[in-house]
Every structure is written in structure tokens, then in C-alpha cells.
Amino acid sequence: MAQTDETSTAAADTPARPRRRRWARRILLIGGGGVLVLALAAGGWGYWAYRHLEGNLGTVDIDRALGTDRPAPLPDGAQDILVLGSDSRDGENGSLAGGDTGGTARSDTTMVVHIPQGRAAATVVSIPRDTMVSRPACTTLEGRQLPAANRVMFNSIYTSGGPACVVRTVESMTGLRMNHYVEIDFSGFERLVDAMGGVEVTMDKPITDPYSGLQLPAGTSTLDGKRALAFVRTRHGIGDGSDLGRIGLQQKFLLAVLSQLQREGTLSNPTKAYGVADAATKALTTDQDLGSLTSLLTFAQSLKGLQPERMRTVMLPVVEDRIDHNRVVADEAKAAALWQSLRDNRPVPGASPSPSHTTAPSAGAHASASAAAHN
């Protein structure tokens with residue numbers, strides 16, 4: 001098909017949304033499944049609990065939409081999971097800080113989580129939402145055909161093509177098959193953090209961001225759901241105000257959550273563990289292979305040896321877009337080396353180990369767009 005040129009952040013043709021729009025599944029990727037195991041095993045929750053939690057889950061049939069023209073699974077059993085978050089403000093999300101997107105959904109957070117064979121380590125690669133990319137031709141979950149397009153802002157692909165087109169684009173960029181797909185929405189994220197009793201973060205500098213609503217002092221704070229959501233969305237109070245600074249906070253918050261889920265007291269209480277599991281499954285939408293509680297538990301149990309300190313985080317290497325200085329494009333040589341490292345299961349250049357505490361990142365590589373349009 002002929003390619004078109006798309007530069008807006010949202011396409012006019014918005015697909016019907018899959019069951020529940022979700023956000024930041026990173027919180028659940030390892031910890032959430034373990035929560036489910038404990039919630040069912042401890043205290044004899046039994047059949048009712050199982051059916052209730054399973055009924056909370058939402059699924060999307062990514063494999064049917066993408067067909068067989070995809071990268072082959074890695075031969076050594078490594079897994080790659082696409083973690084997506086939506087920034088829609090409709091429904092329960094309408095009251096959340098950060099402005100109005102007119103009811104459309106965009107991928108506010110995207111992470112490729114690579115888990116090598118043995119499941120004892122992981123690499124998390126964040127894709128900046130302002131990255132200009134080439135979107136391959138794709139079929140939406142509803143069966144609509146979208147032509148290939150150049151110069152598409154990454155976070156608009158969800159709006160125009162939904163989850164299947166995001167997966168198609170990421171697989172085209174990386175050469176990696178996404179074995180699983182997961183989303184969690186804003187309100188689901190907020191409920192999950194509250195069910196955990198809050199998440200503790202330590203900052204070396206204060207953050208004040210009127211756009212996300214976050215005011216956070218230096219030092220250690222325990223964030224409830226509302227403040228945690230503002231924390232992972234803030235960018236105007238850190239660095240140069242770009243999306244690149246926010247990514248550092250999001251990755252560090254992921255590690256803080258996983259550490260807290262494993263600490264004594266978060267999961268040792270069966271009632272609390274079940275509350276976390278209930279909040280997690282209500283927010284969670286996965287591909288069909290992970291879309292049953294049995295499958296989710298099996299996958300979670302396979303990750304029981306993965307500790308937060310064995311996780312590495314990195315951002316897709318980018319440079320300023322020469323056409324639009326408020327956008328970025330992949331640094332082709334460095335990005336190719338990153339994805340090749342994952343395909344070969346080698347250490348990723350520039351990946352950072354788990355930090356001992358959360359710090360405010362330094363200025364990013366490009367200037368921010370207007371706060372109203374891009375928060």
C-alpha cells in the first residue's frame with residue numbers, strides 16, 4: 001500500500017475501545033501475578049474468589065488481528081511483553097489531573113519488558129510517546145485496514161489503530177515478537193496503589209507541577225493512588241519539562257512498587273493481598289493467552305525468581321527531530337544496537353540497574369511542547 005504522512009497526535013478515525021482502558025501494567029507485571037497467587041492460596045478464598053477475580057479481567061485478541069506475518073519467537077524461550085498505558089480522560093478518568101484529551105485515548109506510557117530464559121532478570125525499555133515513527137500497515141481489532149504511514153507520533157497509534165496496531169508498530173521497530181500485551185487505566189492504577197496502602201518514594205529534590213497536580217517535598221514520601229498517578233505523569237516539574245524526564249520517574253516507580261510488593265506486610269495479610277488482586281484484575285486487560293486467571297497465575301509463578309535488583313531500565317535512544325523540535329526520532333545506530341542486544345539476549349548498552357531510591361532526572365534531550373497540548 002502507498003504510505004501517507006501523518007503528523008497530528010490523533011487520527012480522525014478512532015476505534016471502538018476494548019473492554020476497559022488501562023494503564024501502567026508495569027505495576028502488575030511481576031508483582032500483580034504474585035499477589036493473585038497469595039490472595040487465592042492464603043486464607044482459603046476458594047472458588048468464589050477465583051471466579052470473581054477472573055470475571056474482572058478484560059482481554060483483546062491481538063493474535064487474530066495480527067495474523068502470522070510477525071517476528072518469530074526467540075528460540076531460547078525469552079519473553080517480550082508490551083506494557084501500554086492509555087491517557088484517555090473519559091469515564092472514571094475524567095476527574096484526573098492533566099487536562100482534557102477530548103475523550104480520545106493515547107498511549108501515555110509504553111514499555112517493552114524483555115525477560116530472558118530462566119526468568120531471573122529483566123530489561124525494561126521505555127519508548128517516548130513523542131517519538132516520530134513509521135507505522136506499518138495494520139488491521140485493527142475491529143477488522144479495519146490502516147495503510148502504512150510515515151512520521152506518525154508514537155502515542156497517536158493507539159488512537160488511530162488500537163492495541164493491535166501498536167503491537168504491529170513495536171514489532172516492526174524492534175524485530176521482537178511481543179509474546180504478551182497488557183494495559184491498565186488511570187483509575188485502575190489509582191485504586192491499585194491505594195489497595196497496596198500507598199507506595200514509598202525518596203526524592204533528592206522537590207517536585208512542583210501544576211499540570212499533574214503534584215507537589216512533593218525532597219526526602220521520603222508515601223504516595224496514595226492520586227499522588228502516585230500524578231508522580232508517574234509529571235514532567236513540567238522536572239528536568240527540561242519534556243517527556244524524557246518523566247520516563248525516568250516511571251521506571252523508578254515501577255521498581256519501587258515491585259520492591260514494596262515483595263516486602264513483608266504488603267502481601268502477608270490475606271485480606272490486603274486479595275484487595276490488591278481485586279484492584280489489579282479490575283484494571284487489567286491482556287492478550288487472550290494471558291486472559292484467564294489460570295494463565296496469569298502460571299505466568300506469575302514462572303517469574304517468582306525475578307527480583308527488582310535484577311531489573312535493568314533504559315530508554316529508547318532518541319535525538320531531536322529536525323523537522324519539529326518538540327519531537328524526537330530514534331537514534332538509528334544506537335536503537336538498532338539496543339534491539340539487537342535483546343534479540344541476542346546480551347546486556348543492553350546504557351541500561352541502568354535498580355536504584356536504591358528515586359531521584360529527579362536531569363534535563364532531557366529535547367524541548368517540551370506546550371503544556372496544555374501534551375501533558
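Before reading further, recall that the structure is shown in the block above.
Residues numbered from 1 in each chain as written. Predicted model: local features only at pLDDT ≥ 70, side-chain atom pairs only at ≥ 80, totals over all residues. Heavy atoms only, no water.

A.B. asks: Give me the lowdown on the state of the cysteines, citing residues and values where you can.
C.D. replies: Under the criterion given, the structure shown has one disulfide. The partner cysteine of Cys-138 in its disulfide is Cys-165, sulfur to sulfur 2.1 Å. Here the disulfide of Cys-138 and Cys-165 is right-handed, its torsion about the S-S bond being about 95 degrees. Of this pair, Cys-138 sits in strand E7 (residues 138–139) while Cys-165 is found in helix H4 (residues 157–174), placing the two residues 27 residues apart along the sequence. (Disulfide = S-S within 2.5 Å. Helix = DSSP H or I, 4+ residues; strand = E, 2+ residues; numbered from the N terminus.)

A.B. asks: Describe the packing of aromatic side chains, with residues and values.
C.D. replies: Describing an aromatic ring pair means giving the distance of the ring centres and the angle of the ring planes. Enumeration over the complete set of coordinates arrives at two aromatic pairs. Centroid distance Phe-189 to Phe-253: 6.0 Å. Interplanar angle 55 degrees. Geometry classified as tilted. With Phe-189 in helix H5 (residues 186–195) and Phe-253 in helix H7 (residues 243–262), this residue pair connects regions lying 64 residues apart in the sequence. Pair check on accessibility: Phe-189 and Phe-253 agree, each one buried. Look at Phe-231 and Phe-253: their rings are 5.6 Å apart centre to centre, the planes differ by 45 degrees, and that puts the pair in the tilted class. Taken as a pair, Phe-231 in helix H6 (residues 225–233) and Phe-253 in helix H7 lie far apart in primary sequence, 22 residues in all. Relative accessible area serves as the criterion here: at 1%, Phe-253 is assigned to the buried category. Among the aromatic side chains, those forming a connected cluster through ring pairs are Phe-189, Phe-231 and Phe-253. (Phe/Tyr/Trp six-rings, centres within 6.5 Å; stacked < 30°, edge-to-face > 60°. Buried < 20%, exposed > 50% of the residue type's maximum accessible area, 1.4 Å probe, protein only.)

A.B. asks: Lay out unusual backbone geometry with the relevant residues and their values.
C.D. replies: With a phi close to 55 degrees, Arg-119 is a non-glycine residue in the positive phi region. Looking at the element boundaries, Arg-119 is found in the loop between strand E4 (107–115) and strand E5 (122–126). The phi torsion at Arg-151 lies on the positive side, around 50 degrees, for a residue other than glycine. Of note, Arg-151 is situated in strand E9 (residues 149–153).

A.B. asks: Would you mind going over the nonpolar core in detail, with residue names and values included?
C.D. replies: Counting 46 residues, the largest nonpolar core has Ile-207, Leu-216, Phe-231, Phe-253 and Met-311 as the members making the most contacts within it. With 38 residues, the next largest nonpolar core counts Leu-141, Ala-149, Ala-164 and Leu-176 among its residues. (Core = buried A, V, L, I, M, F, W, Y, C linked by side-chain atoms within 4.5 Å.)

A.B. asks: Explain the pairing of E9 to me, and be specific about the residues and the numbers.
C.D. replies: Taken across its five residues, E9 has four buried, putting it largely inside the fold. Pairing between strand E6 (residues 132–135) and E9: three bridges, direction antiparallel. Bridge pairing in E9 links Met-132 to Met-153. (Pairing = 2+ DSSP bridges.)

A.B. asks: Hey, could you go over the side chain of Thr-234 for me, with residue numbers and the actual values?
C.D. replies: By secondary structure assignment, the location of Thr-234 is in the loop between H6 and H7. Here the side chain of Thr-234 touches Asp-209 through a polar contact of 2.5 Å, side chain to side chain. Not counting the four nearest positions on each side in its chain, Thr-234 is found in contact with Ile-207, Asp-209, Ser-212, Leu-214, Arg-246 and Leu-249. (Polar contact = N/O pair within 3.5 Å; in protein donor to acceptor, adjacent residues only side chain to side chain. Contact = heavy atoms within 4.5 Å.)

A.B. asks: Tell me about the environment of Leu-306, and please be specific about residues and values.
C.D. replies: Residue placement: Leu-306 occurs in the loop between helix H9 (293–302) and strand E16 (311–315). Distance in space between the C-alpha atoms of Leu-306 and Gly-118 is 9.1 Å, their sequence separation being 188 residues.

A.B. asks: Let's hear about H6: which residues, and what values?
C.D. replies: Across the nine residues that make up H6, a large majority, seven, are buried. Among all positions in H6, only Gly-225, Ala-228, Leu-229, Ala-230, Phe-231, Val-232 and Arg-233 are buried.

A.B. asks: For the side chain of Gln-79, give the residues involved together with the corresponding values.
C.D. replies: One can find Gln-79 in strand E3 (residues 79–86). The class for Gln-79 is buried, based on a relative accessible area of 14%. Of note is the side chain of Gln-79, whose polar atom sits 3.5 Å from the side chain of His-180. Other than its neighbours up to four places away in sequence, Gln-79 contacts Val-113, His-114, Ile-115, Arg-119, Asn-179, His-180 and Phe-299.

A.B. asks: Tell me about the pairing of strand E11 (residues 199–203), and name the residues and values.
C.D. replies: Here E11 shows one buried face, formed by Val-199, Val-201 and Met-203, and one open face, formed by Glu-200 and Thr-202. For E11 and strand E14 (residues 219–223), the ladder comprises five bridges, and the chain directions are antiparallel. Its bridge partner lying in E14, Glu-200 is registered against Thr-222.

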